[in-house]
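Descriptive structure summary
In case you want the letters, here they are:
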Amino acid sequence: MSIELTEPAPETGTSNGNALAPAVRVRGARRTYTAELAPVRALRGVDFDVMPGEFVAVMGPSGCGKSTLLNIIAGLDTLDDGTVEVAGERVDGRDQDWLAKFRRHHVGFVFQFFNLLDGVSALENLVLPGVLGGMKRRAAESRARDLLDLLGLGDRTDQVPAVLSGGQRQRLAIARALVNEPGLLLADEPTGALDSEGGLEILELFRRLHDDGQTIVMVTHSADVAAGASRAVKMRDGRVQDAGE
Ligand SMILES: Nc1ncnc2c1ncn2[C@@H]1O[C@H](COP(=O)(O)OP(=O)(O)OP(=O)(O)O)[C@@H](O)[C@H]1O
């Protein structure tokens, strides 16, 4: 059974009715963390745009604010100042319930260390977020099986994550992130825990998803991985130094 990877426009409803709204629009983003010695200014006025269908790599030295930027786009962290829009919808200033619902339907998140549910099968790792996202169990199972097939894990449905290789676990995590057909896929160092072969395999998968229209923002330290994206954004000291072309 084939599966359509191309995403329809997210049904967030744009605030201004503009169908060409950027997938992501961040303006003047500031985030300072309280720390023991001195406050850490993780974001110092970031402007960042991603158009629908782009595959953007975010690069920069350790501590420059890459993960913080990704987290504020996902509504996993809050801003001190500035605005964040995803598909035309303001994300900043929302309460936790709104953000949880928003994430469930519109944002898929892939982590460096997979963050899978260890005690349940590969299939169940996908079915649970599908059901939480509002699917009937049978529909979620069907979607989960299709995604596992698509990502080359069709023969692993009943296995728990612990018996999978790192690359297979990351493919499972990507499948999970796609269960609810998010308009936006965010990935924080998705190849960071893999060897170079495993990393390139994941990059190839992202490129396929991108070819099918998926909007992707990926944080990476690897220039080789970033070269596979359609644009590389460079951050430094809490700012965007180069927005790429
Ligand atoms: N919850 C927090 N509390 C305090 N400081 C934090 C917190 N989260 C991040 N920071 C600090 O904010 C700065 C930016 O962190 P961030 O994780 O965004 O950087 P990064 O570019 O993703 O780094 P890396 O490449 O090492 O993952 C760092 O100095 C970090 O120590």
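Here is what the cut-offs are and how they apply
- Residues numbered from 1 in each chain as written.
- Predicted model: local features only at pLDDT ≥ 70, side-chain atom pairs only at ≥ 80, totals over all residues.
- Helix = DSSP H or I, 4+ residues; strand = E, 2+ residues; numbered from the N terminus.
- Rg over C-alpha atoms; globule rule 2.2 N^0.38 Å.
- Buried ≥ 20, exposed ≤ 12 C-beta atoms within 10 Å, placed from the backbone.
- Pairing = 2+ DSSP bridges.
- Axes fitted to C-alpha atoms, helices over the stretch in contact; angles between N-to-C directions.
- Contact = placed C-beta atoms within 7 Å.
- pLDDT = per-residue confidence, 0-100.
- UniProt positions renumbered as here; feature names shortened; annotations may be inferred.
- Near = placed C-beta within 6 Å.
- Nonpolar A, V, L, I, M, F, W, Y, C, P; charged D, E, K, R; others polar.
- Parallel < 35°, antiparallel > 145°, perpendicular 65-115°, else oblique.
- Left-handed = near helix turned anticlockwise from the far one by under 90°.

**A closer look at the overall build of the protein chain**
Per the secondary structure count, the protein chain includes seven helices and 10 strands. Computed over C-alpha atoms, the radius of gyration of the protein chain comes to 18 Å, within 12% of the 18 Å expected from 2.2 N^0.38 for 245 residues, which places it in the range of a compact globule. Viewed in the frame of its principal axes, the protein chain has a C-alpha envelope of about 50 × 40 × 35 Å. Looking at the 245 residues of the protein chain, the share that counts as buried comes to 42%.

**Observations regarding the sheet that holds strand E7 (residues 184–188)**
Strand order in the open sheet formed by six strands is E6-E7-E8-E3-E9-E10, with mixed pairing between adjacent strands. In the strand order of this sheet, the two ends are held by strand E6 (107–110) and strand E10 (239–242), each with one partner. Direction aside, neighbouring strands of the sheet carry axes that sit 25° apart on average. Where strand E3 (residues 55–59) and strand E9 (residues 231–236) come together, four bridges link them in parallel fashion. Bridge pairing in E9 links Met59 to Lys234. Along the sheet, helix H1 (residues 66–73) contacts E3, E7, strand E8 (215–219) and E9; its crossing angle with E8, the most-contacted strand, is approximately 150°.

**Regarding the confidence of the model for the protein chain**
When the pLDDT values of the protein chain are averaged, the result is 90; 92% of them are 70 or greater. Every residue in residues 1–17 is under pLDDT 50, and counting partners more than four places away or in other chains gives 28 contacts. Prediction confidence for the complex, expressed as pTM and ipTM, is 0.90 and 0.98 respectively.

**A few points about the UniProt feature "domain: ABC transporter" (unreviewed entry) in the protein chain**
What UniProt calls "domain: ABC transporter" (unreviewed entry) maps, in this numbering, to residues 24–245. Secondary structure within residues 24–245 divides into 35% helix and 26% strand; the distance between the first and last C-alpha atoms comes to 16 Å.

**A few points about the pairing of E9**
For E9 and E10, the ladder comprises three bridges, and the chain directions are antiparallel. Bridging from a neighbouring strand, Arg236 pairs with Arg239 of E10. Where E9 folds back on E10, the antiparallel hairpin that results is connected by two residues, among which Asp237 adopts a positive phi of roughly 50°.

**Describing the site of the ligand**
Neighbouring residues of the ligand: Tyr33, Ala35, Val40, Ala42, Gly60, Ser62, Gly63, Cys64, Gly65, Lys66, Ser67 and Thr68. Contributing elements (two or more residues each) for the shell around the ligand: strand E2 (40–50) and H1. Among the elements that make up the shell around the ligand, the one with the highest residue count is H1 (three residues). Taken together, the residues of the shell around the ligand sort by class into five nonpolar, six polar and one charged.

**Regarding the packing of helix H3 (residues 122–132) against helix H4 (residues 137–150)**
It is at 8 Å that the axes of H3 and H4 come closest, and there the two elements cross at 130°. One way to sum up the angle between H3 and H4 is to call them oblique. Handedness of the crossing formed by H3 with H4: right-handed. Across the interface between the two elements, Ala122, Leu123, Leu126, Val127, Gly130 and Val131 from H3 touch Arg137, Ala140, Glu141, Arg143, Ala144, Leu147 and Leu148 from H4. Of the residues that constitute the contact of H3 with H4, the class distribution is nine nonpolar, one polar and three charged.

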